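Read off the chains here:
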Amino acid sequence: MSLTAGSRPDGTRPPAAVEEPTAAVAAAVAKPRVPGKASKAAKVPFKIRLRRDRTLILMTLPVMVLLLVFNYVPLLGNVVAFQEYDPYVSSNGVTAIFHSPWVGVEQFSRMIDDPLFWSAAKNTIVLFVLQLVLFFPIPIALALLINSVIRPRVRAVAQAIMYLPHFFSWVLVVTVFQQIFGGAGIIAQTLEDHGWSGFDLMTNAGLFKYLVTAQAVWKDAGWGIIVFLAALAAVSTDLYEAAAMDGAGRWRRMWHVTLPALRPVIALLLVLRVGDALSVGFEQFLLQRYAVGAGASEVLDTYVWNMGIQNGDFSYAAAVGLVKGAIGLCLVLGANKFAHLLGEQGVYKK
């Protein structure tokens, strides 16, 4: 009987020998890896990455140029806030910056002593708080309501109807409200036809803050609905099924599944909303300024426009705008820090 190589006399093969690990493999296994730290050998050279991503870079280059020209280069003009800027001291407004006298913080001191500035700041803060309390929760509630509709066609029609006013200009929005709530509007004329006294909500200075909040809700709530519906679409149905099997009803499923899924989006939009606290609107208030008076409709944006464009006081308007932007930046950073304390990402990670 012939034996094959490596076989025993009884014809069975011995167990395969376990290969000893090489020194390189043993060193790689024994060496602990530092999480989040890539190896230097794994780094792709800059030239290779540039060649690999050249198409994406070319696609984003026009956007970066426009952003630089229209968003960052004009920031250099804030230097006039520390000058007594006169655009007629030179042949053009740009070179006039180099010929205007420096006054230091005189414009900021004037801003602090100006009662009209504080009146505009007070109106801005009151309107922001009111819109944050009344306007911000409405898109969330409407998104939850639309998401609960079973029929997709009804859901799509409702979403389209609510989103349509987002494309309207503020001129059209104010006109629609004027035709409904104005002194010659539908409601006032109907009341007068039935023997009741009419009213004019569009010229009521005391109710103006509620009026502009209602206009903002009608115009922009549809955009918020789309954002929250997109977040709801990412929620796994397994979570709802598991909650239903545990005996959770519709309200408990919304409280323990839906709202926690929306919390990161709510935190992000809330941070952005807080950062935009001092920019409650410009065109909306400018269009209705003469109907209710400057005392009720003057906000920081319209105040800067009146002082800078109408009165030609460019340095003072630039100082007010610079303070407004600095406060907005601090609000964004503070709100984002608060979001981190709550365990959310916010605008950027830690």
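This report concerns the structure included in the present document. Quick caveat: nothing in here was measured; it's all calculated off a predicted structure.

Here we come to the environment of Ala-205. Relative to the helices and strands, Ala-205 is located in the loop between helix H10 (186–193) and helix H11 (208–233). A relative accessible area of 38% means that Ala-205 is categorised as partly exposed. Non-local contacts of Ala-205, meaning those with residues more than four positions away in its chain, are made with Val-292 and Ala-296.

Within the fold, Gly-295 resides in helix H16 (residues 294–297). Judged by its relative accessible area of 56%, Gly-295 falls in the exposed class. Distance in space between the C-alpha atoms of Gly-295 and Leu-116 is 9.0 Å, their sequence separation being 179 residues.

Buried residues of helix H17 (residues 300–310): Leu-300, Asp-301, Thr-302, Tyr-303, Asn-306, Met-307 and Gly-308, and no others. Of the surrounding elements, those touching the buried residues of H17 are helix H5 (106–112), helix H6 (115–134), helix H14 (283–287), helix H15 (289–292), H16 and helix H18 (314–341). Count one or two residues on from H17 and you reach Gly-312, which has phi positive near 75°.

Looking now at the nonpolar core. In globular proteins that are soluble, nonpolar side chains generally tend to be buried together. One finds Leu-127, Phe-208, Leu-211, Val-280 and Phe-285 to be the most contacted residues of the largest nonpolar core, which totals 21 residues. Those elements that provide at least two residues to this core are H6, helix H9 (170–181), H11, helix H13 (250–275) and H18. The greatest single-element share of this core, amounting to four residues, is contributed by H9. Those residues in contact with Leu-127, other than ones at most four positions away along the chain, are Lys-209, Val-212, Val-280, Phe-285 and Val-299.

To continue, consider the packing of H6 against H13. In the contact formed by H6 and H13, the axes pass within 11 Å of each other and the chain directions differ by 165°. Considering the angle they form, H6 stands roughly antiparallel to H13. Of the two elements, H6 crosses H13, and the hand of that crossing is right-handed. Where H6 abuts H13, its residues Phe-128, Gln-131 and Leu-132 lie against Leu-270, Arg-273 and Val-274. Tallied by class, the residues present in the contact of H6 with H13 amount to four nonpolar, one polar and one charged.

On to the packing of H17 against H18. With their axes 8 Å apart at the nearest point, H17 and H18 run at an angle of 160° to one another. On the basis of the axis angle, H17 is roughly antiparallel to H18. The handedness of the crossing between H17 and H18 comes out as left-handed. Touching Leu-300, Asp-301, Tyr-303, Val-304, Met-307 and Gly-308 of H17 are Phe-314, Tyr-316, Ala-317, Val-320, Gly-321 and Lys-324, all from H18. Split by residue class, the contact of H17 with H18 holds eight nonpolar, two polar and two charged.

On to the pattern of salt bridges. Between side chains of opposite charge, a pair can form as their charged atoms come close. This structure, assessed with the given rule, holds five salt bridges. Notably, a salt bridge pairs Glu-298 with Arg-289, separated by 2.6 Å at the nearest N-O pair.

Glancing now at the packing of aromatic side chains. How two aromatic rings sit relative to each other is given by the distance of their centres and the angle of their planes. A complete count under the given rule lists eleven aromatic pairs for this structure. Pairing Tyr-303 with Tyr-316 gives two aromatic rings, centres 6.2 Å apart and planes at 80°, and the pair type is edge-to-face. With Tyr-303 in helix H17 and Tyr-316 in helix H18, this residue pair connects regions lying 13 residues apart in the sequence. Exposure remark for Tyr-303: the relative accessible area of 2% places this residue in the buried category. Under the relative-accessibility criterion, Tyr-316 is labelled buried at 0%. The ring of Tyr-316 has Arg-110 sitting right over it, with the charged end atom 4.1 Å from the ring centre. Taking NZ or CZ as reference, Lys-219 lies 5.2 Å from the ring centre of Trp-170, over its face.

Cut-offs used in this document
- Residues numbered from 1 in each chain as written.
- Predicted model: local features only at pLDDT ≥ 70, side-chain atom pairs only at ≥ 80, totals over all residues.
- Heavy atoms only, no water.
- Helix = DSSP H or I, 4+ residues; strand = E, 2+ residues; numbered from the N terminus.
- Buried < 20%, exposed > 50% of the residue type's maximum accessible area, 1.4 Å probe, protein only.
- Contact = heavy atoms within 4.5 Å.
- Core = buried A, V, L, I, M, F, W, Y, C linked by side-chain atoms within 4.5 Å.
- Axes fitted to C-alpha atoms, helices over the stretch in contact; angles between N-to-C directions.
- Parallel < 35°, antiparallel > 145°, perpendicular 65-115°, else oblique.
- Left-handed = near helix turned anticlockwise from the far one by under 90°.
- Nonpolar A, V, L, I, M, F, W, Y, C, P; charged D, E, K, R; others polar.
- Salt bridge = Lys/Arg side-chain N within 4 Å of Asp/Glu carboxyl O.
- Phe/Tyr/Trp six-rings, centres within 6.5 Å; stacked < 30°, edge-to-face > 60°.
- Lys NZ or Arg CZ within 6 Å of the ring centre and 35° of its normal.

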